[in-house]
Amino acid sequence: GVSVLVPGYVVVSSIVTLLLFYALWHRLKSERRISKIEAYLILFPSLMAVISVLPLVSPLLGQMVSIVQDLLCVTAMFAYMKHTKSLLGGSKHLVADKSSCPFAVPPLCCFAKCKKPKMTRTLMKILFLPIQFIVVLNFVVLLVNCSLAYNGFPPPKESSDIPNIPSYMLIPFQISALYTYKVFMSYFEARLRGSFPRTRGRLILATFILCKSTGGIFQVLESKEVLGYLDGLDCV
């Protein structure tokens, strides 16, 4: 009831506010001019926190919040790849001499014993394509779901509902984008100075996986009746 909901809302709101103010403080304290990509990567955790809190205010926004989370995560992946390119000095310095492509990353660890292909500029461009493509597709899916909501389609209650179909169609593209992103990280992590760039890339990937897995985990727990419903506040 009220004794649980009100403290919960206060704690969550306080955490989100602190994250947002910390990101803004970190953005403003920099002594040099920060690029738009760096600013987005700094604000990314705060943006994800603000978006993730919205279903607590209105549970009907759950599907739309999930789509926006995907869009923010894949945009952060693309921004990280662009930022890595700028840290290394541009496109001409992306491919190291006599280097190979580490394509034996999960879920294709079975290729670990195979001969690694030589990394070329063409292969590097191919690594960027799935991420660019999935950013555009996520934005299209967001527009499709907005149009469905505008035309009176109710939020999905079952996996077979119409608003879920565009999200299911994205799954193969998301898998290919995650794979190429992991190959990109494996290739460049050793060349990035310090731990912050490498940690940032890993955290973006972990955020995406966490956002995709938590929804399914809670649905399974609800179906097994492990989690019950909590009485909400009266409508005003």
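Residues numbered from 1 in each chain as written. Predicted model: local features only at pLDDT ≥ 70, side-chain atom pairs only at ≥ 80, totals over all residues. Heavy atoms only, no water.

## Concerning the confidence of the model for the protein chain
Scored by pLDDT, the protein chain has a mean of 78; 80% of the residues are at 70 or more. Looking over the protein chain, one finds the lowest element-wise mean pLDDT in helix α1 (residues 2–28), namely 73, and the highest in helix α3 (residues 62–87), namely 89. (pLDDT = per-residue confidence, 0-100. Helix = DSSP H or I, 4+ residues; strand = E, 2+ residues; numbered from the N terminus.)

## A look at the packing of helix α4 (residues 121–150) against helix α6 (residues 171–188)
Between two packed helices, both the angle of their axes relative to each other and the distance between the axes serve to describe the pair. Between α4 and α6, the shortest axis-to-axis distance is 9 Å and the interhelical angle comes to 140 degrees. Viewed along their axes, α4 and α6 adopt a mutual orientation that is oblique. α4 and α6 meet at a crossing whose hand is left-handed. Contacts between α4 and α6 pair M124, L127, F128, P130, I131, F133, I134, L137 and N138 from the former with F173, Q174, S176, A177, T180, Y181, V183, F184, Y187 and F188 from the latter. The class makeup of the residues in the contact of α4 with α6 is 15 nonpolar, four polar and no charged. (Axes fitted to C-alpha atoms, helices over the stretch in contact; angles between N-to-C directions. Parallel < 35°, antiparallel > 145°, perpendicular 65-115°, else oblique. Left-handed = near helix turned anticlockwise from the far one by under 90°. Contact = heavy atoms within 4.5 Å. Nonpolar A, V, L, I, M, F, W, Y, C, P; charged D, E, K, R; others polar.)

## Some thoughts on the nonpolar core
Ranked by size, the top nonpolar core spans 48 residues in total, and within it F44, M77, M124, Y181 and I204 carry the most contacts. The biggest single contributor to this core is α3, with twelve residues. Sequence-distant contacts of I204, defined by excluding residues within four places in its chain, comprise L41, F44, C73, A76, M77, Y80 and Y181. (Core = buried A, V, L, I, M, F, W, Y, C linked by side-chain atoms within 4.5 Å. Buried < 20%, exposed > 50% of the residue type's maximum accessible area, 1.4 Å probe, protein only.)

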